[in-house]
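# Secondary and tertiary structure notes
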Amino acid sequence: MNLSLSQAVGNALIARGWTLALAESCTGGLVSAALTELPGSSAWFERAYITYSNQAKVECLGVPIEMIDSFGAVSEPVAISMAQGARKNAAVNVAISITGIAGPTGGSPEKPVGTVCFAWALGDDAKHTTYKTMHFEGDRSRVRMQACEYALTELIHLLASHP
């Protein structure tokens, strides 16, 4: 991943005096690894939850199992709950969540391989949670890398526009 993207995230967080947590599923820690590649990232990177299984999402982040049963693990409601749970549990100012289907299997007509749901929880309340579903092309590695880059790029935009 492009280190300048990670540096831009770090600079934006330092400028605000904010800290970050991640809740990663399909990316399995790739975003965390990209951010912690930077020396000094401990000044703004608090922790990451690698919640690959549904059980981990429930136990570590407080995602209601009923929500997963109703909408599926790859859904905007689950992504929102993951981000809000990470922000709350880690006591940080901002959290990102990523949950998706990297492939090559696991897709369906409703949620094809490459479907990734994101959420960004900023500040102290749920009203500043932004979410989006993206559809990425390519093999498993490419889907995961695109998800990482998108999560960080969007965070930079959100931080620039957040009061």
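We now turn to the structure provided with this report. (Residues numbered from 1 in each chain as written. Predicted model: local features only at pLDDT ≥ 70, side-chain atom pairs only at ≥ 80, totals over all residues. Heavy atoms only, no water.)

### Re the pairing of strand E4 (residues 115-122)
Defined as follows: Buried residues are those whose accessible area, probed at 1.4 Å on protein chains only, stays under 20% of the maximum for their type, while exposed residues exceed 50% and partly exposed ones sit between those limits. Comment: elements are numbered from the N terminus, with helices defined as DSSP H or I runs of at least four residues and strands as E runs of at least two. Strand pairing is defined by DSSP finding a minimum of two bridges between the two strands.
Counted residue by residue, E4 has eight buried out of eight residues, so it is predominantly covered. A two-sided burial pattern is seen for E4, the buried positions comprising Thr115, Cys117, Ala119 and Ala121 on one face and Val116, Phe118, Trp120 and Leu122 on the other. Both strand E3 (residues 94-100) and E4 contribute to a ladder of seven bridges, which runs antiparallel. Counted as the bridge partner of Ala95 is Ala121 from E4. Here E4 pairs with strand E5 (residues 129-135) via seven bridges, running antiparallel. Considered in E5, the bridge of Thr115 is made with His135.

### Notes on the nonpolar core
Within soluble globular proteins, side chains that are nonpolar generally end up buried alongside one another. Where we set the bar: By nonpolar core is meant a set of buried Ala, Val, Leu, Ile, Met, Phe, Trp, Tyr and Cys residues that side-chain atoms within 4.5 Å join together. Every residue pair with non-hydrogen atoms within 4.5 Å of one another is taken to be in contact.
Within the largest apolar cluster, 31 residues are counted, with the highest numbers of intra-cluster contacts made by Leu20, Leu35, Ile96, Ile98 and Phe118. Among the secondary structure elements, those contributing two or more residues to this core are helix H1 (3-16), strand E1 (20-24), helix H2 (30-36), E3, E4 and helix H6 (140-161). For this core, the element with the most residues is H6, which contributes nine residues. Setting aside its immediate chain neighbours within four residues, Ile98 contacts Ala23, Glu24, Ser25, Cys26, Thr27, Val31, Met82, Val116, Cys117, Phe118, Ala147 and Ala151. Core analysis: the second largest hydrophobic core is formed by 13 residues, Val63, Ile68, Val78 and Ala95 among them.

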